[in-house]
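Chain residues, written in single-letter form:
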Amino acid sequence: MILYFSATGNTEFLATELAKKTGDQCLNLLERIKNKDYSEIYSEKPFVICAPVYVCEMPRFFSDYIKKVPLKGCRDIYFIVNSAGYGGISGYLAKKAARHKKLRFMGYNEIVMPRNYFISHYPVQTKDEIRERLVNACEKVNEIADKIKKGEKLQSRYIFLFEKIITIPFNPVWSKYKMTAKAFYAADSCIGCGKCARVCPLNNIIIKDKKPVWGDKCTHCMACIGNCPKDAIFYGNVTSEKGKYNFRDYKYMLGDNQSAPVKNKEYQRRKNG
Ligand SMILES: Cc1cc2nc3c(=O)[nH]c(=O)nc-3n(C[C@H](O)[C@H](O)[C@H](O)COP(=O)(O)O)c2cc1C
Ligand code: SF4
Ligand code: SF4
């Protein structure tokens, strides 16, 4: 059973591809997380936990959920995280979570995906960079799926002591002072559909007088801004220049058959006829 959370579609894509390739089921945990639904999840196949990386680890609300929810049936658990390039100490924490749940840790892998954190100081990636990442990610998914199907362990990246020393105290400080929703606002093009509130994992948005109002529990996941059907959400003046990210807008780069992506040049050649 593939269990995942995804704010802007990257993890959802990887999780559904993994499910297809391993012949397993996929479960989006968003509603369960929002509703604090800790009812047991049963699977005869290994549990595969898929998550994005936030500030060098899996999102804390997600790790907390995984720790609490009873996972019954198969005793094997894999962790697959995806990031914009640095998964930090996710692997170390994944192993700890497996131990906490008394499940057999089958390894952890990182996949590099396009960066969805448009409000950070990083420049927006070019289309070529995004395409390259998506194509490489598909190859990595194939490798991971093969190993999971064979019941093999994944080779986890070694996490150095200095990474733990820096990240463990850094994450909560950064989250507290940097991850606030104060700069979010909705422009006049907002139609009051409520999607931003529905996709927020922390229930940090309410719709008042047909407009979103942000609370003080934000984790900067980018789900609200990335999923607004009217592109009506902005963050200060950063996003009017940089835009927003959603995997949906780049899916076409993988061509028609996502299970067999083609490399850049080949893709261009085919596209240009
Ligand atoms: C709040 C936040 C923090 C992030 N921190 C990191 C990070 O520490 N390292 C990194 O490589 N990518 C980081 N990213 C990028 C995401 O992990 C990456 O784009 C991921 O694919 C998004 O997945 P999703 O589309 O399923 O939400 C961060 C993104 C967000 C929103
Ligand atoms: S998702 Fe966009 S259009 Fe819908 S309520 Fe939120 S801001 Fe408005
Ligand atoms: S309000 Fe914050 S936590 Fe909620 S969807 Fe938006 S960015 Fe994510």
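Structure first, text after, so check above.
In this report, we go over the structure that sits alongside the text. (Residues numbered from 1 in each chain as written. Chains lettered and ligands numbered in written order. Predicted model: local features only at pLDDT ≥ 70, side-chain atom pairs only at ≥ 80, totals over all residues. Heavy atoms only, no water.)

Some words on the site of ligand 2
- As a matter of local geometry, ligand 2 sits amid Cys190, Ile191, Gly192, Cys193, Gly194, Lys195, Cys196, Pro212, Cys228, Pro229 and Ile233.
- When each cavity is represented as a set of grid points, ligand 2 is found to reside in the largest cavity.
- In the shell around ligand 2, the residues fall into 8 nonpolar, 2 polar and 1 charged. (Near = heavy atom within 4 Å. 1 Å grid on protein atoms, 1.4 Å probe; cavity = no way out; pocket = protein on both sides within 12 Å on 5 of 7 lines; lining within 4 Å. Sits in = over half its atoms within 2 Å of the grid points. Nonpolar A, V, L, I, M, F, W, Y, C, P; charged D, E, K, R; others polar.)

Concerning the nonpolar core
- Core analysis: the biggest nonpolar cluster contains 50 residues, and Phe62, Phe79 and Phe184 have the highest contact counts within it.
- It is helix α3 (residues 60-68) that contributes the most residues to this core, 4 residues altogether.
- Formed jointly, this core draws a minimum of three residues from each of two domains, domain 1 (2-162) and domain 2 (179-248).
- Beyond its immediate stretch of four places on either side in the chain, Phe79 contacts Ile49, Met58, Ala94, Ala97, Ala98, Phe105, Gly107, Tyr108 and Asn109. (Core = buried A, V, L, I, M, F, W, Y, C linked by side-chain atoms within 4.5 Å. Buried < 20%, exposed > 50% of the residue type's maximum accessible area, 1.4 Å probe, protein only. Helix = DSSP H or I, 4+ residues; strand = E, 2+ residues; numbered from the N terminus. Domains from an automatic or database assignment. Contact = heavy atoms within 4.5 Å.)

Details of the layout of surface pockets
- Computed from the structure, the largest pocket encloses a volume of approximately 810 Å³.
- Val53, Val55, Tyr117, Ser120 and Tyr122 are the residues nearest the centre of the largest pocket, which is lined by 34 residues in total.
- Looking at the lining of the largest pocket, the element that brings in the most residues is helix α6 (residues 161-178), giving 3 residues.
- Grouping the constituent residues of the lining of the largest pocket by class yields 19 nonpolar, 13 polar and 2 charged.
- Three or more residues apiece are contributed to the lining of the largest pocket by two domains, here domain 1 (2-162) and domain 2 (179-248).
- Of the pockets and cavities examined, the second largest pocket occupies roughly 540 Å³.
- Forming the walls of the second largest pocket are 28 residues, and the residues nearest its centre are Arg60, Phe61, Leu202, Lys217 and Thr219.
- Elements that contribute at least two residues to the lining of the second largest pocket include exactly α2 (30-34), α3 and α6.
- Considering every element that reaches the lining of the second largest pocket, the biggest residue donor is α3, with 5 residues.
- Class assignment for the residues of the lining of the second largest pocket results in 13 nonpolar, 6 polar and 9 charged.
- Counting contributing residues, the lining of the second largest pocket receives three or more from each of domain 1 (2-162) and domain 2 (179-248). (Points joined across faces, edges and corners; volume = space filled by probe spheres on them.)

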